[in-house]
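Given next are the chains, with one letter for each unit.
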Amino acid sequence: MPSVTMTVNGRAVTGEVEGRTLLSQFLRDDLKLTGTHIGCDTSQCGACTVHVNGAAVKGCTMLALEADGAEVKTIEGMANPDGSLGVIQAAFQEHHGLQCGFCTPGMVMAAADLLAGNANPTEAEIRKHLEGNICRCTGYHNIVKSVQAAAAQLG
Amino acid sequence: MPKDHGIGASPKRREDVRFLTGNGKYTDDINAPNQTYVYFVRSDVAHGTINKIDTSDAEKMPGVVRIFTGADFEGVGGVPCGWQVTDRFGEPMQEPAHPVLAQGKVRHVGDPIVAVVAETLEQARDAAEVLEVDITELPAVIDMKEALKEGAPKVHDDLTSNLCYDWGFVEENREAVDEAIKNAAHVTTLELRNNRLVANPMEPRVAIGEYDASNDEYTLYTTSQNPHVIRLLMGAFVLGIPEHKLRVVSPDVGGGFGTKIFHYAEEAFCTFAAKAINRPVKWTSSRSEAFMSDAHGRDHVTKIELALDKDNNFLAVRTDTYANMGAYLSTFAPSVPTWLHGTLMAGNYTTPLIYVNVKAVFTNTVPVDAYRGAGRPEASFQLERVIDKAARELGVDPIALRRQNFIKPDQFPYATPVAVEYDTGNYDATMDKIEEIADLAGFEARKAESAKNGKLRGLGIAHYIEACGIAPSNLVGQLGARAGLYESATVRVNATGSISVMTGSHSHGQGHETAFPQVIAEMIGIDESQIDIVHGDTAKIPMGMGTYGSRSLAVGGSAMVKAAEKVIAKAKKIAAHLLEAGEDDIELANGEFTVAGTDKSVAWGDVTLAAYVPHNYPLEDLEPGLEETAFYDPANFTYPSGAYACEVEVDPETGKVEVCSFAAADDFGNIINPMIVDGQVHGGIAQGIGQALLENCVYDSDGQLLSGSYMDYTMPRADDLPNYTVDHSCQTPCTHNPLGVKGCGEAGAIGSPPAVINAVVDALSDYGITHIDMPATPARVWEAIQAAK
Ligand code: FES
Ligand code: FES
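Predicted, not measured: the structure shown is a model, and the values here were computed from it.

Before going further, it helps to examine the overall build of chain B. Of regular secondary structure, chain B possesses 19 helices and 28 strands. Projected onto the principal axes, the alpha-carbon positions of chain B cover approximately 85 × 75 × 50 Å. The buried share of chain B, taken over its 789 residues, is 65%.

Regarding its fold elements, chain A presents five helices and five strands. Order of helices (α) and strands (β) in chain A, N terminus to C terminus: β-β-α-β-β-β-α-α-α-α. Taking 2.2 N^0.38 as the reference for a compact globule, 155 residues should give roughly 15 Å; the C-alpha atoms of chain A span a radius of gyration of 15 Å, in line with that estimate. Overall size of chain A, expressed as C-alpha extent along the three principal axes, is 45 × 35 × 25 Å. By the burial criterion, 57% of the 155 residues in chain A qualify as buried.

Before going further, it helps to spend a moment on the domain arrangement of chain A. Residue and element names in this part refer to chain A. Once the domains are mapped, chain A shows domain 1 (3-77) and domain 2 (87-154). Computed over C-alpha atoms only, the centres of domain 1 and domain 2 are separated by 21 Å. Every contact between the two is made by 18 residues of domain 1 and, on the other side, 13 residues of domain 2. Interface area, domain 1 with domain 2, both sides summed: about 1,100 Å², of which 62% is carbon and sulfur. In this structure, the connection of domain 1 to domain 2 is made through zero salt bridges. The interface formed by domain 1 and domain 2 contains eight residue pairs in polar contact (both at pLDDT 80 or more). When residues of the side of domain 1 that touches domain 2 are traced back to their parent elements, those giving at least two are strand E3 (49-52) and strand E4 (55-58).

This next bit is on the interface of chain A and chain B. Across the boundary between the two partners, chain A contributes 46 residues, which contact 52 residues of chain B. Here chain A meets chain B over a buried area of about 4,200 Å², counting both sides, of which 54% is carbon and sulfur. Of all residues in chain A, Gln-93, His-96 and Arg-136 of chain A give up the largest surface area on contact with chain B, accounting jointly for 20% of the area buried on that side. On inspection of chain A and its partner chain B, the count reaches six salt bridges. Residue Asp-29 of chain B pairs with Arg-28 of chain A through a salt bridge whose shortest N-O separation is 2.8 Å. At the junction of chain A and chain B, the tally comes to 33 residue pairs in polar contact (both at pLDDT 80 or more). Of all elements in the fold, only helix H1 (23-30), helix H2 (87-94), helix H3 (104-117), helix H4 (123-129) and helix H5 (141-154) of chain A reach the threshold of two or more residues within the side of chain A that touches chain B. In the side of chain A that touches chain B, the residues fall into 16 nonpolar, 19 polar and eleven charged.

Another point: the pattern of salt bridges. Residue and element names in this part refer to chain B. If you walk through the whole model with that rule in mind, you get 53 salt bridges over all chains. A salt bridge links Arg-42 to Glu-266, with the shortest nitrogen-to-oxygen separation between them at 2.9 Å. Linking Arg-42 in strand E1 (residues 36-42) with Glu-266 in helix H7 (residues 265-277), this pair joins segments that are 224 residues apart in sequence. For the pair formed by Arg-42 and Glu-266, the shared burial category is buried. In this structure, Arg-492 engages Glu-627 in a salt bridge whose closest nitrogen and oxygen atoms are separated by 2.8 Å. Of the two residues, Arg-492 is situated in strand E19 (residues 487-493) and Glu-627 in strand E25 (residues 627-632); the sequence distance between them amounts to 135 residues. Using a relative accessible area of 35% as the deciding quantity, one classes Arg-492 as partly exposed. By sharing partners, the salt bridges in this structure join Arg-42, Arg-205, Glu-266, Glu-289 and Asp-294 into a single network.

Two orientations exist for strands paired in a sheet by backbone hydrogen bonds: parallel and antiparallel. Residue and element names in this part refer to chain B. Read across the open sheet, the three strands follow the order E22-E23-E24; overall the sheet is antiparallel. Whereas interior strands pair on both sides, the edge strands pair on one side only; in this sheet they are strand E22 (586-589) and strand E24 (601-603). Strand after strand, the sheet turns through a mean of 25° between neighbouring axes, direction not considered. Pairing between E22 and strand E23 (residues 592-595): four bridges, direction antiparallel. When the sheet's bridge partners are listed, Ile-586 is paired in E23 with Val-595.

Before going further, it helps to examine the packing of aromatic side chains. Residues and elements named next belong to chain B. With the rule as written, the count across this model stands at 28 aromatic pairs over all chains. Aromatic side chains Phe-262 and Tyr-264 sit 6.3 Å apart centroid to centroid with 65° between the ring planes, which places their arrangement in the edge-to-face category. The class of Tyr-264 is buried, set by a relative accessible area of 8%. Here the aromatic rings of Tyr-644 and Phe-662 are separated by 5.9 Å at their centres, their planes lie at 90°, and the arrangement is edge-to-face. Of the two residues, Tyr-644 is situated in strand E26 (residues 641-650) and Phe-662 in strand E27 (residues 657-667); the sequence distance between them amounts to 18 residues. The burial state of Tyr-644 is the same as that of Phe-662; both residues are buried. Taken together through their ring pairs, the aromatic side chains of Phe-40, Phe-68, Phe-73, Phe-269, Phe-272 and Trp-283 make up a single cluster. Sitting above the plane of the Tyr-264 ring, Arg-205 keeps its charged end 3.5 Å from the centroid.

All names here are of chain A. The strand order across the open sheet formed by five strands is E2-E1-E5-E3-E4, and the pairing between neighbours is mixed. Two strands lie at the open edges of the sheet, namely strand E2 (11-16) and E4, each paired on one side alone. The sheet shows a mean angle of 40° between the axes of neighbouring strands, direction not considered. One ladder, built from four bridges, connects E3 with E4; its direction is antiparallel. Bridged to His-51 within E4 is Ala-56. Most of the contacts of H1 go to strand E1 (residues 3-8), to which it runs at about 80°, and overall it touches E1, E2, E3 and strand E5 (71-73). Against the sheet, H3 makes contact with E3, E4 and E5, and its axis sits at roughly 40° relative to E3, the strand it touches most.

Next up on the list: the domain arrangement of chain B. Residues and elements named next belong to chain B. According to the domain assignment, chain B contains domain 1 (16-22 + 486-632), domain 2 (31-138 + 205-284) and domain 3 (300-471 + 636-788). Each partner contributes to the interface: domain 1 provides 18 residues, whereas domain 3 provides 21 residues. Counting each side, the surface lost to burial between domain 1 and domain 3 is near 1,400 Å², with a carbon and sulfur contribution of 63%. Viewed at the interface, domain 3 and domain 1 are joined by zero salt bridges.

In this section: helix H9 (residues 376-394) of chain B. All names here are of chain B. In a regular helix each residue adds 1.5 Å, so 19 residues correspond to 27 Å; H9 covers 27 Å between its end C-alpha atoms and thus fits that length. Counting buried positions along H9 yields 16 of 19 residues, so the element is predominantly enclosed. The positive-phi residue at the C-terminal boundary of H9 is Gly-395, with phi of around 70°.

Residue and element names in this part refer to chain B. Judged by side-chain polarity, Leu-609, Tyr-612 and Val-613 come together as a nonpolar surface patch covering roughly 230 Å² of accessible area. Assignment of secondary structure puts Val-613 in the loop between helix H16 (604-612) and E25. Assessed through its relative accessible area of 36%, Val-613 is described here as partly exposed.

Turning our attention to the side chain of Asn-142 of chain A. Residue and element names in this part refer to chain A. Mapped onto the fold, Asn-142 is located in helix H5. Polar side-chain contacts of Asn-142 include one of 3.5 Å to the backbone oxygen of His-95. A polar atom in the side chain of Asn-142 sits 3.3 Å from the backbone oxygen of His-96.

What follows is about the side chain of His-506 of chain B. Residues and elements named next belong to chain B. Considering the arrangement of structural elements, one finds His-506 in the loop between strand E20 (499-503) and helix H14 (512-524). A polar side-chain atom of His-506 sits 3.0 Å from the main-chain carbonyl oxygen of Ser-250. Aside from chain neighbours lying at most four places away, what touches His-506 is Ser-224, Gln-225, Pro-227, Ser-250, Pro-251, Val-253, His-512, His-535, Gly-536, Gly-546 and Thr-547.

Residues and elements named next belong to chain B. Remark: H9 packs on helix H18 (residues 747-763), axes separated minimally by 8 Å, with the N-to-C direction vectors making an angle of 30°. What the angle tells us is that H9 and H18 run roughly parallel. Where H9 crosses over H18, the handedness of that crossing is right-handed. Along its contact with H9, which presents Arg-376, Pro-377, Ser-380, Phe-381, Glu-384, Arg-385, Asp-388 and Arg-392, the element H18 presents Ala-749, Ile-750, Pro-753, Pro-754, Ile-757, Asn-758, Val-761 and Asp-762.

Conventions used here
- Residues numbered from 1 in each chain as written.
- Chains lettered and ligands numbered in written order.
- Predicted model: local features only at pLDDT ≥ 70, side-chain atom pairs only at ≥ 80, totals over all residues.
- Heavy atoms only, no water.
- Helix = DSSP H or I, 4+ residues; strand = E, 2+ residues; numbered from the N terminus.
- Buried < 20%, exposed > 50% of the residue type's maximum accessible area, 1.4 Å probe, protein only.
- Rg over C-alpha atoms; globule rule 2.2 N^0.38 Å.
- Domains from an automatic or database assignment.
- Contact = heavy atoms within 4.5 Å.
- Buried area = accessible area lost by both parts, 1.4 Å probe.
- Salt bridge = Lys/Arg side-chain N within 4 Å of Asp/Glu carboxyl O.
- Polar contact = N/O pair within 3.5 Å; in protein donor to acceptor, adjacent residues only side chain to side chain.
- Nonpolar A, V, L, I, M, F, W, Y, C, P; charged D, E, K, R; others polar.
- Pairing = 2+ DSSP bridges.
- Axes fitted to C-alpha atoms, helices over the stretch in contact; angles between N-to-C directions.
- Phe/Tyr/Trp six-rings, centres within 6.5 Å; stacked < 30°, edge-to-face > 60°.
- Lys NZ or Arg CZ within 6 Å of the ring centre and 35° of its normal.
- Expected span 1.5 Å × (residues − 1).
- Patch = residues over 30% accessible without salt bridge, like charges linked within 9 Å, V, L, I, M, F, W, Y side chains within 5 Å.
- Areas by Shrake-Rupley, 256 points an atom, 1.4 Å probe, with all protein chains shown as cover.
- Parallel < 35°, antiparallel > 145°, perpendicular 65-115°, else oblique.
- Left-handed = near helix turned anticlockwise from the far one by under 90°.

Below you can see the structure in the form of structure tokens.
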């Protein structure tokens, strides 16, 4: 099996994968980073969203081999160095932006991606940006609020 | 000042930290040493006879451990149904067998036929590719009315027809209702469809079976809302495993919405196969598999008639419903269109005569069972739609018509003609509230503004009632439930005063870990951080019935309160001993026991320590330790209600409906955690708007599932939905549970579909359009406009 090397949450990792192994599978099954979730098989739910070289990517749309040499960041890499919640994570907790938590890692990664490129998004921009991430629990109201609060704090 | 702890406060949710850092422990995150993976080969036809299954090539594929077919399950029980409905002639419903793996026939697309167990999932899938399953396709029945015709293909050859039951409620009212409708000054009739939905919790189902041969013990990890129910159903009815040898664990579960209540074949398979191969067996559903194996929801076709007298008082309601059961009876399927639906047909109104007829029908589709609201959204949708239609026909204000027929606050407790007794309510209060928070007075101005932009603005109101906190066990037993519906809790006080509460309720997003401690903290006066909630593991908690039907706090919370009351009663005895006072003089507040009228006190932690280090302790009268269990069986359902208002804009050029605003004024009785309640309502509204405008599970006439993935089944996304204005300040506390709570989980999904459709119809009323079926997609709305032009 071919081997793949990448940096995940700042740590260099190497693994053997099949050609068909998806990045999301590699993260979950090989690296045991189970914070990245699988919610569909048609690349439409966003539960698997991670950052690859600084941009949000659905981990199920990419083969692990394609991430060879890449910098990957997952939800496990989003807390502060002391383990406390990062600004976006804390905003989600403060504003009840999650219920079952299954979509949450993907939402946080997508929100971080938005705020990295747009420090002060409008509500419509937030909704548009998160349109690739399905949440079945919250009705999005509090997710939008969380992202707005995080933007205000980061701004 | 809002409270910062205890009942009524909104502390940050403690479970969020693990979910936000990727440390949640969902079932798919669990991997057993030496585990194998199963891939199910499922039927790709809706109906067929299995001629032959040839596994020989597949067995030689790399990594294959064993291949199972229906033949391996001969002599094993089928997947049971948990509710038996009696039809209107006094006969039991027709109840077909439901094998774990298909035996002889397949009955819906997705019916599992063969299970391939291999070292890896990929190997299992590769082996499945070379399997040969020879099936002769048979004509399928998809449409319910077609399925009931003479000569229709039968889903189950051994049943007399595709009719599961023909239920009448209240049967004795039938003639009186017919008579009232015949003689009424006005009758409004509406035919509608409550669209088939797929619950779609974001976490797909997962099951991991383990078997420990040394002790003959099984463990099943599963994405369930009720692990004890699974243990009971699977252990007793399918596999014959006694409870003490079977542990069922539901760890973090990524949403349920009803569809994770039921016992599924895959759970039984993994448990069974784990013993057969003496290795753990893991199944993770793909989303495509979920669409064809998770129980679906709704799918009712209804005709409702509302009779009014010359003064617009409601006289009678008559409904005729066809309810799709799918190919087999899922766990609670028969109860949904009957006892969870017919009993709610009085709504918030004083209608004296009601008759509900329901024909439950087998079709070659995925089984249909409870989905958020289960039966109550179907009831509410019919009623609130037909009332709106009546108001339009009579030229009266729909709010005024509702108000005129409301049960008034002084009429509670109110016995409806459909066998339930509402304990409390104040429907005018929630209606007043919605007029205020939705600024109904400003609607005409907003409508004029929309018109300037070429848009049609509509306002829709609905006022729902639901029955939650299911339910008194003796009552549901009479109605056909094959289970009790109490809840349990153990309050275990540790020596230094911290507390673990073992609850039979299960949290899959509802925030029990945060809200339940608020109640105990309030009762004892200690900090919430001293209290932990344990749930979701039959090895750790007393026999509990789990979470569905908005029952966790009303039933599970009540059990917890009862157990805590017992703990406090005992702790007071210990305190009395330590303080050398009479037990009746002991008071507990702020974590201190005091002797009334004195300054003598002892701290909570000193009393709990004495219970476990009983040096100075009344051992002759009292056992050491401080741990109590309570089982709470509710005396009645609870009856949350509320007023919902939706405003939409319709683009007449494209038919697209945009929800401009949505407001909800609910009466949930007392509230423990307002933040969580808001969130529950938001989520329910989103699902209701989804049902009304976007979601539709569709089969073609051959039984192929046309909406089998997120490409075809339209899940509501962030840019489809508005912000919501929610209020729960109208509170008539439940009179029969100790917390006065009613439950809030389903309300949003019950009240919102009629509000949305009433708004769409209002927007289209100038065209003379009086109804549009859900989902009101652009295509449907556009076609309706064209047809009306
Ligand atoms: S799992 Fe990647 S988008 Fe759904
Ligand atoms: S919190 Fe459950 S899916 Fe978003």
